[in-house]
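Chain by chain, the residues:
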Amino acid sequence: MSQITEIAPDVFKISTFISEVNIQFNQFLVKDEEPLLYHTGMKGLFPIVNEAVSKLIDPTTLRWIGFSHFEADECGALREWQRLAPNATAICSFVSKMVSVDDVVADRPARALEDGEVLVTGKFRFKFLQTPHVPHAWDAGHLFEENSRTLLCSDLFHQNGEVEAVTKSDIVSRFKEMLIEYQEGPFANYLPYTTKTEKILGRLADLQPKTIAPMHGSTYVGDGESAILDLAQAMKEVLAGSV
Ligand SMILES: [Fe+2]
Ligand SMILES: [Fe+2]
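Cut-offs applied
Residues numbered from 1 in each chain as written. Chains lettered and ligands numbered in written order. Predicted model: local features only at pLDDT ≥ 70, side-chain atom pairs only at ≥ 80, totals over all residues. Heavy atoms only, no water. Helix = DSSP H or I, 4+ residues; strand = E, 2+ residues; numbered from the N terminus. Rg over C-alpha atoms; globule rule 2.2 N^0.38 Å. Buried < 20%, exposed > 50% of the residue type's maximum accessible area, 1.4 Å probe, protein only. Contact = heavy atoms within 4.5 Å. Areas by Shrake-Rupley, 256 points an atom, 1.4 Å probe, with all protein chains shown as cover. Lys, Arg positive; Asp, Glu negative; His and termini not counted. Charge placed at Lys NZ, Arg CZ, Asp CG, Glu CD. Donors = N, O, S within 2.8 Å, 3.2 Å for Na, K, Ca; no water. Tetrahedral: all angles 85-135°; square planar, octahedral: opposite > 155°, others 65-115°. Pairing = 2+ DSSP bridges. Axes fitted to C-alpha atoms, helices over the stretch in contact; angles between N-to-C directions. Phe/Tyr/Trp six-rings, centres within 6.5 Å; stacked < 30°, edge-to-face > 60°.

### Some thoughts on the overall build of the protein chain
And step 1. When helices and strands are counted, the protein chain shows 7 helices and 14 strands.
And step 2. Computed over the C-alpha atoms, the radius of gyration of the protein chain is 16 Å, within 12% of the 18 Å expected from 2.2 N^0.38 for a compact globule of 243 residues.
And step 3. Overall, the protein chain is about 45 × 35 × 35 Å in size when its C-alpha atoms are taken along their principal axes.
And step 4. Burial statistics for the protein chain: of 243 residues in total, 55% are counted as buried.
And step 5. Restricting to contacts in the protein chain with at least 6 residues of sequence separation, those with at least 24 account for 61%.
And step 6. Looking at the protein chain as shown, the accessible area adds up to about 10100 Å², and 51% of this sits on carbon and sulfur atoms.
And step 7. Here the protein chain contributes 22 positively and 34 negatively charged side chains, and the mean placements of these two sets differ by 4 Å.

The structure is reproduced here in structure tokens:
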């Protein structure tokens, strides 16, 4: 059901395409001394994602479970994962922890990361950036792995369809198509464009990622700085003034 692809050394993408909504749901498993799963997937996906993670590591050894913001595809199955993995701790923003996660989906208290804080999992170093309303939600944040220069970017760069696992080609045009399509249907106003959006995206571009790993669609390998600046322009064109 799911496809596993190594997008950077010891960083694995687990991708499940759900045809009813024409979207891939991607989780990322990072093999390290302290294994990390980024996005849990929805509760309904748990058996599929668990099966995929079990091919990579013993899932009971999971140490960290990260996600961008409180939403079913980001952290809906957190409790299921924590019941399976006794030492797994959720990592998220302070707002996420306080406003939703600890009360609604966590089996044990989450660890709130401060803006700029680095979590070392062994050979990998995950820097947390607080990014309110980017991609969306008050509690949003991003993790950037400094050694492989991988940005786990949640709903940014969302592409619909059953697309390839990894690409070196432009993914911004597909992201822009999705934005236009969503603006015309029930998922309108999926991503907001606020007075802070451009500045926050500029900060992500300054990280100069080599790999950009969205939750929906292909992973992009290439000039991440330019890709994020192009994405910022696409968001401005489609969304600024629309809500
Ligand atoms: Fe989201
Ligand atoms: Fe999502």
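### Points about the coordination of the iron ion (ligand 1)
And step 1. Taken together, His69 (NE2), Glu71 (OE), His136 (NE2) and Asp155 (OD) make up the protein donors of the iron ion (ligand 1), found 1.9 to 2.2 Å from the metal.
And step 2. The site at the iron ion (ligand 1) holds 4 donor atoms, and with the angles between them running 89 to 155 degrees, its shape is irregular.
And step 3. Along the chain, the residues donating to the iron ion (ligand 1) are arranged with the sequence spacing H-x1-E-x64-H-x18-D.
And step 4. Between the iron ion (ligand 1) and the iron ion (ligand 2), the interatomic distance is 3.9 Å, and aspartate 155 donates to each metal, bridging them. Residue histidine 136 is located in the loop between strand E9 (125–130) and strand E10 (141–145), and its partner aspartate 155 is located in the loop between strand E11 (150–154) and strand E12 (166–167); the two are separated by 19 residues in the primary sequence.
And step 5. Accessibility expressed as a relative area gives 9% for histidine 136, which makes it buried.
And step 6. Take aspartate 155: its relative accessible area is 1%, and that puts it in the buried class.

### A word on the coordination of the iron ion (ligand 2)
Six octahedral donors at a metal ideally form angles of 90 or 180 degrees, and four tetrahedral donors ideally form angles of 109.5 degrees.
And step 1. At this site the iron ion (ligand 2) is bound by Asp73 (OD), Asp155 (OD), Met215 (SD) and His216 (NE2), with donor distances of 2.1 to 2.4 Å.
And step 2. Taken together, the 4 donor atoms coordinating the iron ion (ligand 2) span angles of 82 to 170 degrees at the metal, a pattern that classifies the geometry as irregular.
And step 3. Methionine 215 gets classed as buried once you look at its relative accessible area, which sits at 1%.

### With respect to the sheet that holds E11
And step 1. The strand order across the open sheet built from 7 strands is E8-E9-E10-E11-E13-E14-E12, with neighbouring strands paired in mixed fashion. A single partner strand is all that each edge strand has here, and the edge strands are strand E8 (118–120) and E12.
And step 2. In this sheet, strand E14 (residues 219–221) lies alongside strand E13 (residues 211–214) in antiparallel orientation, the contact comprising 2 bridges. Its bridge partner being in E14, isoleucine 212 is matched across the sheet by tyrosine 220.
And step 3. Along the sheet, helix H7 (residues 224–239) contacts E11, E13 and E14; its crossing angle with E13, the most-contacted strand, is approximately 45 degrees.

### Looking at the packing of aromatic side chains
And step 1. Within the structure shown, the criterion is met by 5 aromatic pairs.
And step 2. Plain terms: the ring middles of phenylalanine 157 and phenylalanine 175 are 6.4 Å apart, the flat faces sit at 45 degrees to each other, and that makes the pair tilted. One end of the pair, phenylalanine 157, is in the loop between E11 and E12; the other, phenylalanine 175, is in helix H5 (residues 172–183), and 18 residues separate them in sequence.
And step 3. In textbook terms, an aromatic cluster arises when at least three aromatic residues are bridged by ring pairs, as seen for Tyr182, Phe187 and Tyr190.

### Focus on the sheet that holds strand E5 (residues 64–66)
And step 1. Read across the open sheet, the 7 strands follow the order E1-E2-E3-E4-E5-E6-E7; overall the sheet is mixed. In the strand order of this sheet, the two ends are held by strand E1 (2–8) and strand E7 (111–113), each with one partner. Across the sheet, the mean angle separating the axes of adjacent strands is 25 degrees when strand polarity is ignored.
And step 2. The sheet contacts of helix H4 (residues 94–104) involve strand E6 (89–93) and E7, and relative to E6 the element is tilted by about 110 degrees.

### Section: the pairing of E11
And step 1. Most of E11 is tucked away: 5 of the 5 residues are buried.
And step 2. Relative to E11, E10 runs antiparallel, the two sharing 3 bridges. Considered in E11, the bridge of glutamate 145 is made with threonine 150.
And step 3. Counted between consecutive antiparallel strands, the loop separating E10 from E11 contains 4 residues, among which arginine 149 sits at a positive phi close to 55 degrees.
And step 4. Of the pairings in the sheet, the one linking E11 to E13 comprises 4 bridges and is parallel in character. Residue pairing across strands places serine 154 opposite proline 214, the latter belonging to E13.

### Section: the pairing of E1
And step 1. As paired elements, E1 and strand E2 (residues 11–18) share 6 bridges and run antiparallel to each other. Counted as the bridge partner of serine 2 is threonine 16 from E2.
And step 2. Hairpin connection between E1 and E2: a loop of 2 residues separates the two successive antiparallel strands, and aspartate 10 in this loop has a positive phi of roughly 65 degrees.

Geometric values such as these leave the question of function open.
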